[in-house]
Amino acid sequence: MKNKYLFVLLFVLASVSPELPACGNGHYCNNRYPLLTKPYMELPIGSIKPAGWLEEQLHRMANGMTAEMDVIYEKVMGPRNGWLGGDGDVWERGPYWIDGLLPLAYILEDKALINKVQPWIEWTLASQKPDGYFGPDTDRPHEPGLQRDNARDWWPKMVVLKIMQQYYSATQDQRVIPFLTNYFKYQLNELPKDPLGRWTFWGEQRGADNLMIVYWLYNMTGDAFLLELGELIHQQTFNWTDIFLHQNHLYRQHSLHCVNLAQGFKAPVIYYQQSHDKTHLDAVKKATEVIRHSIGFPIGLWGGDELLRFGNPINGSELCTAVEMMFSLENMLEITGDMQWADHLERITYNALPTQISDDFMSRQYYQQVNQISIKNEYNNFVTPHEGTDNLFGVLTGYPCCTSNLHQGWPKFVQHTWYATADHGAAALVYAPSEVSLTVGNGVRIKIKEETYYPFDETVSFTFSYPDKKVKSVRFPLHLRVPAWCEKPEVLLNGKPLDYTVTGQRVIVLNREWAQTDQLTLNFSAEVEVSRWYDNAVVVERGPLVYALKLDEKWEKKYFETERDKTNYGDWYYEVTTDSPWNYSLIRNHIRPEKIKESFRVEKKAVQASYPWTLEDAPITIKAKGRLMPDWKEYRGSVGTLPYDVQHHDDPDPVEYDIELIPYGCTTLRITEFPVR
């Protein structure tokens, strides 16, 4: 059997072309009529390579649990998995893992990881029945730790649809197109009888994941029935547009599941491609504004542990919410060209994501807290507490869905740092160290190397090269995002200032001849700012990064004792504690606009760490002053309740102490939302 998969893999790799087939007149596949023409297009997997700290991040995944889930979580991800033909888990967890492992494997060109992906692909392709159905089809009795029922549920198949689309992007294996075509014909026949919510509500609320692949296949084949299916799927999907525009769910606690909101967030924009109705764009913009002032956190997410909560910084945020919202924003950016979604994407990626997974990529935290002073095996004030294991670092602590799903975060982020443009150019819309290879202009291949220590440094440099040595220069437009926090960047070409204009979407478009000797440099000006959040608490920000109080951290590995706990939560976990004082307020006079620059001093390390997301190697420190508040104490493992801002005198200890703030993503324990006195 192994030799069979190896033969198929070698055949697929040998047939890989550097490009996906074009739809329309461009080099890359845009939407076919009558779908909306997109300003930006995703590049084939493998076109973008990470560099610098981002490459180190992916290698840590390849050396950590992303590569070893079939061993670490063998009961679910091993040979018994239903998506490998076994009698075990038949639902979302196996597909979740492959949804992140596949892009990681092909981005890194890691043959060992590709070999782990291939059996899942082959079994799925072989499982398709004459009527188009694929996947497990048999429900079995309950077994602790496994999901063996609802085998025919539409939802886990939506994850597999994403896998197959990515597999085609990476390999162009032509078996994918008829496989998806036959399944979508099956859906068109079956959904009127068994709608998306037939087995569970997950499929109904996450229907946009299904719809986006229907549109992708339409762009490949032009089959008209896919547009009919698109309308049917949209009609059966939870009406997120109405929820965002006319309902009160985002003002009402416990109204939605936190991850469903992250996945449903893109639903109006996905359907906008077919509807052309700007009401769908208005819906997500209104939702963003409402979230900011109700359930929102400064890290780009919201209170949801697992049901929605107001933005109290001790409420939890589920790891699945982070990676799914990232994916939603990546797709929304491509469809709309609205740089608001790129800013939002960076806020989650560069703040929330690194802190919720251990540095060795061997454990993760189900919920993170914005103000997090203790991680212990005890109950916090979470709606769905999972016996007090929710914020422990472990493999299965809290709930294992995030163990399976977290892997898509970084690889898909790499895949969306660059886009092709509708005007035959290249777009750097999300900044990170990387290199992209693509076709531009009148059909010339180019490589663009992006050198930067962003988000810790505000300088980004681009150099150009052409694989065809006969080519010395080529004319094409280069699109560059201007972050919302930078009013006017400096643009230098070969060391000299370059004139430019900024579009209404905050994009600089430089359409010129680009020579191999050219170096383009962006200097973004980042200043310390403060923003107001829950109960008027103050958050310190600079550029794309949120800053948090640096606390000493003691990590201690512990073990579950009962077989029941081991089955549900794994063998071991980490507790993290501190003996550092944490109950500081910021000083009201220091956060006045005219005082911020002198009150918050930015210090950058001279040596840039290859992996920056640690307490010890945090590249930037902001020095400030704070006052201790003796009455602000711990309650149930979290910071206790207090008014974050007061109108009249409520002075703490008058002594001003030196405090250090570091990037949120470098912390595990922290205070991020500060009282002001």
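Residues numbered from 1 in each chain as written. Predicted model: local features only at pLDDT ≥ 70, side-chain atom pairs only at ≥ 80, totals over all residues. Heavy atoms only, no water.

Caption draft 1: A look at the overall build of the protein chain. Counting its secondary structure elements, the protein chain contains 21 helices and 29 strands. Relative to the 2.2 N^0.38 estimate, which gives 26 Å for 677 residues, the radius of gyration of the protein chain is 25 Å and therefore close to what a compact globule would have. Principal-axis analysis of the C-alpha atoms places the extent of the protein chain at approximately 75 × 65 × 50 Å. Here the protein chain holds 677 residues, and 63% of them are scored as buried. Relative to all contacts within the protein chain whose residues are 6 or more apart in sequence, the contacts with residues 24 or more apart total 73%. On the protein chain, roughly 24800 Å² of surface is accessible, and the fraction owed to carbon and sulfur atoms is 49%. One way to put it: in the protein chain the 67 positive side-chain charges average out to a point 2 Å from where the 86 negative ones average out. (Helix = DSSP H or I, 4+ residues; strand = E, 2+ residues; numbered from the N terminus. Rg over C-alpha atoms; globule rule 2.2 N^0.38 Å. Buried < 20%, exposed > 50% of the residue type's maximum accessible area, 1.4 Å probe, protein only. Contact = heavy atoms within 4.5 Å. Areas by Shrake-Rupley, 256 points an atom, 1.4 Å probe, with all protein chains shown as cover. Lys, Arg positive; Asp, Glu negative; His and termini not counted. Charge placed at Lys NZ, Arg CZ, Asp CG, Glu CD.)

Caption draft 2: Fine view of the sheet that holds strand 11 (residues 434-440). One open sheet accounts for seven strands, arranged 2-11-12-13-18-15-16; its pairing is antiparallel. The open sheet has two free edges, formed respectively by strand 2 (48-50) and strand 16 (496-497), since each of these has just one partner strand. Relative to strand 16, strand 15 (residues 490-493) is paired through two bridges, and the arrangement is antiparallel. From the neighbouring strand, leucine 492 faces strand 16, where its bridge partner is proline 497. (Pairing = 2+ DSSP bridges.)

Caption draft 3: The arrangement of the sheet that holds strand 1 (residues 40-41) in detail. Read across the sheet, five strands follow the order 1-9-10-14-17 without closing on themselves; strand pairing throughout is mixed. Each having just a single partner strand, strand 1 and strand 17 (507-515) make up the two edges of the open sheet.

Caption draft 4: Looking closely at the pairing of strand 12 (residues 444-452). Covered by surrounding structure in strand 12 are Val444, Ile446, Ile448, Glu450 and Thr452 only, the residues Arg445, Lys447, Lys449 and Glu451 on the alternate face being uncovered. Pairing of strand 11 with strand 12, which is carried by seven bridges, proceeds in the antiparallel orientation. Each bridged residue has a counterpart across the sheet, and for leucine 438 the counterpart in strand 12 is isoleucine 446. Linking strand 11 back to strand 12 in an antiparallel pair, the connection comprises three residues, with glycine 441 at a positive phi of about 55 degrees. Between the antiparallel neighbours strand 12 and strand 13 (residues 459-465) lie six residues.

Caption draft 5: Focus on the pattern of salt bridges. The final tally for this structure, using the stated rule, is 39 salt bridges. Between aspartate 87 and arginine 80 there is a salt bridge, with its nearest N and O atoms 2.8 Å apart. The class of aspartate 87 is partly exposed, set by a relative accessible area of 33%. Note that aspartate 99 is salt-bridged to lysine 412, the shortest N-O span being 2.9 Å. Of the two residues, aspartate 99 sits in helix 5 (residues 93-108) while lysine 412 sits in helix 19 (residues 409-415), which places them 313 residues apart along the sequence. Take aspartate 99 and lysine 412: they sit in the same class, and that class is buried. (Salt bridge = Lys/Arg side-chain N within 4 Å of Asp/Glu carboxyl O.)

Caption draft 6: Structural detail: helix 5. Here helix 5 is 16 residues long and its end C-alpha atoms lie 23 Å apart, about the 22 Å a rise of 1.5 Å per residue gives. Here helix 5 lies mainly inside the structure; 16 of its 16 residues are buried. Trailing helix 5 by a residue or two, glutamate 109 shows a phi angle of about 55 degrees, which is positive. (Expected span 1.5 Å × (residues − 1).)

Caption draft 7: Quick peek at the packing of aromatic side chains. In this structure the tally under the stated criterion is 46 aromatic pairs. On the numbers, 5.8 Å between centres and 40 degrees between planes, the contact of tryptophan 240 with phenylalanine 244 is tilted. In this pair, tryptophan 240 and phenylalanine 244 are both assigned in helix 12 (residues 240-246), four residues apart and thus about one turn of the helix distant. Considering the side-chain rings of phenylalanine 560 and tyrosine 569, the 6.0 Å spacing of their centres and the 40 degrees angle between planes classify their relative orientation as tilted. This pair shows no difference in class: phenylalanine 560 is buried, exactly as tyrosine 569 is. One aromatic cluster is present, formed by Trp53, Tyr350, Trp410, Phe413, Tyr431, Tyr453, Tyr454, Phe456, Trp485, Phe524 and Trp613 through successive ring pairs. For the cation-ring pair, lysine 557 lies above tryptophan 572, with the distance from its terminal atom to the ring centre recorded as 4.5 Å. (Phe/Tyr/Trp six-rings, centres within 6.5 Å; stacked < 30°, edge-to-face > 60°. Lys NZ or Arg CZ within 6 Å of the ring centre and 35° of its normal.)

Caption draft 8: Seen up close, the packing of helix 8 (residues 176-190) against helix 11 (residues 225-236). Two elements in contact, helix 8 and helix 11, have axes whose closest approach is 10 Å; the angle formed by their N-to-C orientations is 50 degrees. One element, helix 8, and the other, helix 11, form an angle in the oblique class. In the crossing of helix 8 with helix 11, the sense of the turn from one axis to the other is left-handed. Along its contact with helix 8, which presents Thr181, Phe184, Lys185, Gln187 and Leu188, the element helix 11 presents Phe225, Leu226, Glu228, Leu229, Leu232 and Ile233. (Axes fitted to C-alpha atoms, helices over the stretch in contact; angles between N-to-C directions. Parallel < 35°, antiparallel > 145°, perpendicular 65-115°, else oblique. Left-handed = near helix turned anticlockwise from the far one by under 90°.)

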